[in-house]
Amino acid sequence: MQTFILPHFTDPWILVGFSFFLAAMGSGCNLIWSAFGSAFAHLFSKYTRPVNAVLALSLLFCAGSLWI
């Protein structure tokens, strides 16, 4: 907020509006994050071994790419 909003807007009502907007966006994104997390938790619990294999291979790939 200090970097992107305060240098351009100084009216207190606009700043209150931005505060409510940021709070609403944060709450909405948190709700979406938890909904997808719940959906993926159900999917991951159903397919535990394939998901673990894919995650392990991804981890090995990332670790290998750090060394190369």
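Every residue gets a number counted from 1 within its own chain, in the order that chain's sequence is written. Confidence filtering applies because this is a predicted model: local features only for residues at pLDDT of at least 70, side-chain atom pairs given and counted only at 80 or more, and all residues used for totals across whole chains, interfaces and linings. Derived side-chain values reflect all non-hydrogen atoms in the structure, with water molecules and hydrogen atoms excluded from consideration.

**Things to note about the overall build of the chain**
Then step 1. Secondary structure summary: the chain contains two helices and zero strands in total.
Then step 2. What the globule rule says is 2.2 Å times the number of residues to the power 0.38, and the radius of gyration is computed from C-alpha atoms. A globule of 68 residues ought to have a C-alpha radius of gyration of about 11 Å, yet the chain, at 21 Å, is considerably larger.
Then step 3. Each of the three principal axes of the chain carries a C-alpha extent, and together these read 55 × 35 × 10 Å.
Then step 4. Under the scheme applied here, a residue whose accessible area is under 20% of the maximum for its type counts as buried, over 50% as exposed, and between as partly exposed, the area being computed with a 1.4 Å probe on protein chains only. Evaluated residue by residue, the chain yields a buried proportion of 4% over its 68 residues. Numbering goes from the N terminus for both helices and strands, where a helix is a DSSP run of H or I of at least four residues and a strand is a run of E of at least two.

**Let's talk about a nonpolar patch on the surface**
Then step 1. Each patch is built from residues that are more than 30% exposed by relative accessible area and take part in no salt bridge. Like charges join if they lie within 9 Å; nonpolar side chains (Val, Leu, Ile, Met, Phe, Trp, Tyr) join within 5 Å. For every accessible area listed, the method is Shrake-Rupley and the probe measures 1.4 Å; residues are considered covered only by the protein chains on display. Any Lys or Arg side-chain nitrogen found within 4 Å of a carboxyl oxygen on Asp or Glu counts as a salt bridge. The grouping of Ile32, Phe36, Phe40, Leu43, Phe44 and Tyr47 at the surface amounts to a nonpolar patch, some 600 Å² of accessible area in total.
Then step 2. Along the chain, the position of phenylalanine 40 falls in helix α1 (residues 12-46).
Then step 3. Accessibility expressed as a relative area gives 42% for phenylalanine 40, which makes it partly exposed.

**Here's the deal with the environment of serine 65**
Then step 1. Examined against the element boundaries, serine 65 turns out to sit in helix α2 (residues 48-67).
Then step 2. Put simply, serine 65 and asparagine 30 are 35 residues apart on the chain and 32 Å apart in space, counted from C-alpha to C-alpha.
Then step 3. In the analysis that follows, any N or O atom pair within 3.5 Å is treated as a polar contact, provided that within protein one partner can donate a hydrogen and the other can accept it, and provided that, for residues neighboring in sequence, both atoms belong to side chains. Only 2.8 Å separates the side chain of serine 65 from the backbone oxygen of cysteine 62, close enough to count as a polar contact.

**What to know about the packing of aromatic side chains**
Both the distance between ring centres and the angle between the ring planes are used here to describe each pair of aromatic rings.
Then step 1. To pair, rings of Phe, Tyr and Trp, with the six-membered ring standing in for Trp, must have centres within 6.5 Å; the planes then decide the type, stacked if under 30 degrees apart, edge-to-face if over 60, and tilted in the middle. One pass over the full model with this rule turns up two aromatic pairs.
Then step 2. Taken together, a centroid distance of 5.2 Å and an interplanar angle of 50 degrees make the contact between phenylalanine 9 and phenylalanine 18 tilted.
Then step 3. Taking 5.8 Å as the distance between ring centres and 25 degrees as the angle between the ring planes, the aromatic pair formed by phenylalanine 40 and phenylalanine 44 counts as stacked. Remark: phenylalanine 44 and phenylalanine 40 occur in helix α1; sequence separation between them is four residues, near one turn of the helix.

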